Amino acid sequence: MEYQCKYCGALHWLNEKLEKSPKRDPQFSMCCKHGEVRIPLLMAPPNFLYRLLISNDEQAKEFRANISQYNTALAFTSVGVAVDDNVNRCGRGPPVFRIHGELKHWAGTLLPKESSSPAYAQLYILDPRVAQQYRMQRNSNLRPETMLAHQNLIRDINPYAKVFQHAFEILQEHPGAEDYSISLRVMPGQDVGLNTHRYNLPTADEVAVLVPGDGTQVVDSCDIILRLHANESQGVGHGALQRVNDGHAAYSSLHYVLLFPHGEPGWHWGLRLFQPNHENPKRLSQTRYAAFRLQVRPHEKEFSIVLHARRLSQRYIVDLWASADQNRLNYLRKNQTKLRASLYGGLEDALSRDVNVNLNDIGQ
Ligand SMILES: [Zn+2]
């Protein structure tokens, strides 16, 4: 892979070039559609995490072997999916992550139910020492020093740790108001710096806007609604768990905290292709986004944790695929009237012209 895309820096084999482009100046489409996909490259990983991903000492090996479990212990949101483990029981090949049914991310209330111990985002509101105890109680096979270092790292550099703490402080000022909630609306910077392809380190204020309310105002369906407690009497959307919309820019980074330790935003509905000559640039599709994110680039340009995280990488890639697939199915479901009308229109026309026509010859 000696050929580098001049737009996004992805490494390619020559035969991956667009057929029409010359060998002297090859152009590539699968990485960034020759410059039309312009999203920032991932930030350099923090030193500690970088060392654990590439070293061969015992701590690093243990971390990589259990990286999915560490990630779950440190994530802000949980993932609900039926995992099919049968495929790993027979045969000796590499581990496979296979799912069936729908894949969903869940955000909980900021305080646990009385009967249960805190988990996910709830742990970032607690005193760090107490949070570490809860994490180790649930994951006693993992190394306490590795867990503690990551916990401190995320509290330090991940803006969402501060966002959840801040939301908790605001909600605490309204202890009596059961309906009081906060919408977490993520605002990824549009000014990406086209030459550098780099993020500036986002601050908590820049990454998310907290919109307080009493539950009566209209909220964006993509918002994540934060509450102190579940309010079951309010019905759907007010329970202990709320589904995170996969069009939310923080959908991936709130769960895959070890892949996106700086809280880098992921795919969302607002992303567009870079088409300066178009009045209305096309939407950036999820598959195009995934193709960009999964490219190999020289490490000095982008060291992608996504490509070094073993089983956690597998999970993330399955997640990307499931989300794209679910959105495609949703589109088909919501546009039945339109789709059916255009699909059968041609057949009806043919039939009205000639009743003896064989419809199988015209289309399905
Ligand atoms: Zn490219």
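What counts as what
Residues numbered from 1 in each chain as written. Predicted model: local features only at pLDDT ≥ 70, side-chain atom pairs only at ≥ 80, totals over all residues. Heavy atoms only, no water. Core = buried A, V, L, I, M, F, W, Y, C linked by side-chain atoms within 4.5 Å. Buried < 20%, exposed > 50% of the residue type's maximum accessible area, 1.4 Å probe, protein only. Helix = DSSP H or I, 4+ residues; strand = E, 2+ residues; numbered from the N terminus. Contact = heavy atoms within 4.5 Å. pLDDT = per-residue confidence, 0-100. Expected span 1.5 Å × (residues − 1). Donors = N, O, S within 2.8 Å, 3.2 Å for Na, K, Ca; no water. Tetrahedral: all angles 85-135°; square planar, octahedral: opposite > 155°, others 65-115°. Salt bridge = Lys/Arg side-chain N within 4 Å of Asp/Glu carboxyl O. Pairing = 2+ DSSP bridges. Axes fitted to C-alpha atoms, helices over the stretch in contact; angles between N-to-C directions.

(A) Here's a closer look at the nonpolar core. In this structure, Phe76, Leu110, Phe164 and Leu259 are the most contacted members of the largest nonpolar core, which totals 74 residues. At 8 residues, the largest contribution of residues to this core is made by helix H7 (residues 159-172). Those residues in contact with phenylalanine 76, other than ones at most four positions away along the chain, are Tyr120, Ala121, Tyr124, Ile154, Asn158, Tyr160, Ala161, Phe164, Leu254 and Val257.

(B) Seen up close, the confidence of the model for the protein. Looking at the protein as a whole, its pLDDT mean stands at 86, while 86% of the residues score no less than 70. Within the model, the stretch residues 190-198 combines pLDDT values under 50 with 18 contacts to residues more than four positions away or in other chains.

(C) Quick look at helix H6 (residues 144-157). Here H6 is 14 residues long and its end C-alpha atoms lie 20 Å apart, about the 20 Å a rise of 1.5 Å per residue gives. Buried residues of H6: Thr146, Met147, His150, Gln151, Leu153, Ile154 and Arg155, and no others. Packed against the buried residues of H6 are helix H1 (47-54), helix H2 (58-65), helix H3 (67-74), helix H5 (128-138) and H7.

(D) Fine view of the coordination of the zinc ion. Only Cys5 (SG), Cys8 (SG), Cys31 (SG) and Cys32 (SG) from the protein reach the zinc ion as donors, at distances of 2.3 to 2.4 Å. Around the zinc ion sit 4 donor atoms, and with donor-metal-donor angles ranging over 104 to 114° the site reads as tetrahedral. Donor residues for the zinc ion sit on one chain with the sequence pattern C-x2-C-x22-C-C. Classification of cysteine 31 as buried rests on a relative accessible area of 1%.

(E) How the structure looks around the pattern of salt bridges. Under the criterion given, the structure shown has 12 salt bridges. Between arginine 129 and aspartate 127 there is a salt bridge, with its nearest N and O atoms 3.3 Å apart. The exposure class of arginine 129 is exposed, given its relative accessible area of 64%. With its nearest N and O atoms 2.9 Å apart, the salt bridge here joins arginine 297 to glutamate 302. Of the two residues, arginine 297 and glutamate 302, both sit in the buried class.

(F) Region of the structure containing the sheet that holds strand E3 (residues 78-83). If you walk across this open sheet you meet the 3 strands as E3-E4-E8, and the pairing is antiparallel. Each of the sheet's edge strands pairs with one partner strand only, and the pair in question is E3 and strand E8 (241-244). Ignoring strand direction, the axes of neighbouring strands in this sheet form an average angle of 40°. Note: strand E4 (residues 99-108) against E8, 4 bridges, orientation antiparallel. Residue pairing across strands places tryptophan 106 opposite arginine 243, the latter belonging to E8. Contacting E3, E4 and E8, helix H11 (residues 310-334) crosses the sheet at an angle of about 100° to E4.

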